[in-house]
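Residue strings, one per chain:
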Amino acid sequence: MTLSLTADQTRLLHLRAQGLYRPPSTAAPDVAQIVHEVAGLQAQDAAAGMRAVGVRGPGLVVGDVEQARVVARTVVRTWAMRGTLHLVAATDLRALLGLFGPVFLRGDARRRTQLGLDDATCTRAMRLIRDAIAGDGPRTRADLAGRLAADGIPTAGQAIVHLLYYAALSGLICQGLDRDGEPAYVLLDDWVAPASAPPRPQALAGLARRYLAAYGPAGPADLAAWSGLPKPDVHTAWAGIADEVLAVEAAGQPAWLLKDRAGWLDEPPPAQPIVRLLPAFDTYLLGYRDRRLSVAPEYARHIHPGGGILHPTLLVDGRAQGVWRSGRK
């Protein structure tokens, strides 16, 4: 018999998996633990990425995130899921790049060609980027664009962005310490200890396991929406953890839960409402194909008006109840 979960039970499981609710007895996590537990936090808006850590770790501040990122180097800001900038745990990075790099770089090939960046040009550009950073230290986008342009590499418009994207997803660079308010790029092997990625089937199963740990109950279509991987990869990933999951009905929809999380359903619910201020682009709202469980359809345009925008959201017991903003006064 399939276990049936109410909408409230499902939202509570999502909140706990995302670190937005922790039972009182739970030890306070550090930055790297938070980022690892949620399998990465979207951070194309760097400030929003830092707030996403803070809302999952009471007491943590911006300085803690930067300490983890540029001193301890336990988290890294680079391109990952959906080809978007994320904060990811350094221990997870090589496996993620091994999965996403080939897929997203193939998907970007046509646009690179339109920008004058054929395979031979990209190979030469990667060598120049490596030499520039190895010789002169961390380089900003403008620094690297100037160096590449001097050697005849197209960098105008979006070309330099696609080259940096190529270099990051190839495992050559990542973002290091900011310089004058701009990200400065470093060689990944100098920044994070080199490590080999696991074989692709094993890595895909690991990704599915990590996804369900951070977003379950959920299904393969949700994994596809969150990761950006093609259907064959998602099928392989899901099949790789078939013995580890429990089929459930979540708010009337088929879903799956890691078996070792089923015990959470036996714990008492929180005594008080769970109120959180989610930052823009928070992964709680990005992790599923359908957001109706967390955002009522009649209010959806206030939260995600289109164009990839997700506004900062007031969340009460896992449901959007408004939007918010901050300002200096």
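A few points on the structure. Note that this is a predicted model, so its numbers are computed, not measured. (Residues numbered from 1 in each chain as written. Predicted model: local features only at pLDDT ≥ 70, side-chain atom pairs only at ≥ 80, totals over all residues. Heavy atoms only, no water.)

1. Examining the overall build of the protein chain
Summing up its helical and strand segments, the protein chain has 15 helices and twelve strands in all. At 20 Å, the protein chain has a C-alpha radius of gyration in line with the 20 Å of a compact globule built from 329 residues. Viewed in the frame of its principal axes, the protein chain has a C-alpha envelope of about 65 × 50 × 40 Å. Here the protein chain holds 329 residues, and 49% of them are scored as buried. Long-range pairs, those at least 24 residues apart, make up 64% of the contacts in the protein chain with a sequence separation of at least 6. When the accessible area of the protein chain is evaluated, it comes to approximately 15700 Å², of which 54% is carbon and sulfur surface. Looking at the protein chain, you have 36 positive and 31 negative side-chain charges, and the mean spots of the two groups are 4 Å apart. (Helix = DSSP H or I, 4+ residues; strand = E, 2+ residues; numbered from the N terminus. Rg over C-alpha atoms; globule rule 2.2 N^0.38 Å. Buried < 20%, exposed > 50% of the residue type's maximum accessible area, 1.4 Å probe, protein only. Contact = heavy atoms within 4.5 Å. Areas by Shrake-Rupley, 256 points an atom, 1.4 Å probe, with all protein chains shown as cover. Lys, Arg positive; Asp, Glu negative; His and termini not counted. Charge placed at Lys NZ, Arg CZ, Asp CG, Glu CD.)

2. Points about the pairing of strand E7 (residues 184-187)
Across the two faces of E7 the burial is the same, with Ala 184 and Val 186 and Tyr 185 and Leu 187 all buried. The pairing of strand E6 (residues 173-175) with E7 spans three bridges and is antiparallel. Counted as the bridge partner of Cys 174 is Val 186 from E7. (Pairing = 2+ DSSP bridges.)

3. Brief notes about the environment of Trp 256
Here Trp 256 is to be found in strand E9 (residues 253-258). Separated by 36 residues in sequence, Trp 256 and Pro 220 have C-alpha atoms that sit 8.9 Å apart. In contact with Trp 256, not counting residues within four places along its chain, are Leu 212, Gly 216, Pro 217, Ala 218, Gly 219, Pro 220, Trp 238, Val 245, Leu 246, Ala 247 and Val 248.

4. Things to note about the nonpolar core
The nonpolar side chains of soluble globular proteins are, as a tendency, buried together. Ranked by size, the top nonpolar core spans 69 residues in total, and within it Ile 129 and Ile 173 carry the most contacts. It is helix H11 (residues 200-215) that provides the largest number of residues to this core, a total of ten residues. Not counting chain neighbours up to four residues away, the residues in contact with Ile 173 comprise Thr 78, Ile 129, Ile 133, Leu 164, Ala 167, Ala 168, Tyr 185, Val 186, Leu 187 and Leu 188. Among the nonpolar cores identified, the runner-up in size contains 18 residues, and Ala 48, Val 55, Ile 274 and Leu 285 belong to it. (Core = buried A, V, L, I, M, F, W, Y, C linked by side-chain atoms within 4.5 Å.)

5. Notes on the packing of helix H5 (residues 90-107) against helix H9 (residues 159-169)
Orientation of H5 relative to H9, taken along the N-to-C sense of each, is 145 degrees, at an axis distance of 9 Å. Packed against H5, whose contacting residues are Leu 97, Gly 101, Phe 104 and Leu 105, the element H9 presents Tyr 165, Tyr 166, Ala 168 and Leu 169 at the interface. Of the residues assigned to the contact of H5 with H9, the class counts are seven nonpolar, one polar and no charged. (Axes fitted to C-alpha atoms, helices over the stretch in contact; angles between N-to-C directions. Nonpolar A, V, L, I, M, F, W, Y, C, P; charged D, E, K, R; others polar.)

6. Considering the pattern of salt bridges
Scanning the model with the defined rule gives 14 salt bridges in all. Here Arg 139 makes a salt bridge to Asp 143, at a shortest N to O gap of 3.9 Å. Asp 143 sits in the partly exposed class, given a relative accessible area of 26%. In this structure, Arg 179 and Asp 143 form a salt bridge, with 2.3 Å as the shortest nitrogen-oxygen distance. In this pair, Arg 179 sits in the loop between E6 and E7 while Asp 143 sits in helix H8 (residues 141-150), placing the two residues 36 residues apart along the sequence. On the basis of relative accessibility, which here comes to 32%, the residue Arg 179 falls in the partly exposed class. Salt bridges here are not isolated pairs; linked through shared partners, they connect Glu 66, Arg 69 and Asp 178. (Salt bridge = Lys/Arg side-chain N within 4 Å of Asp/Glu carboxyl O.)

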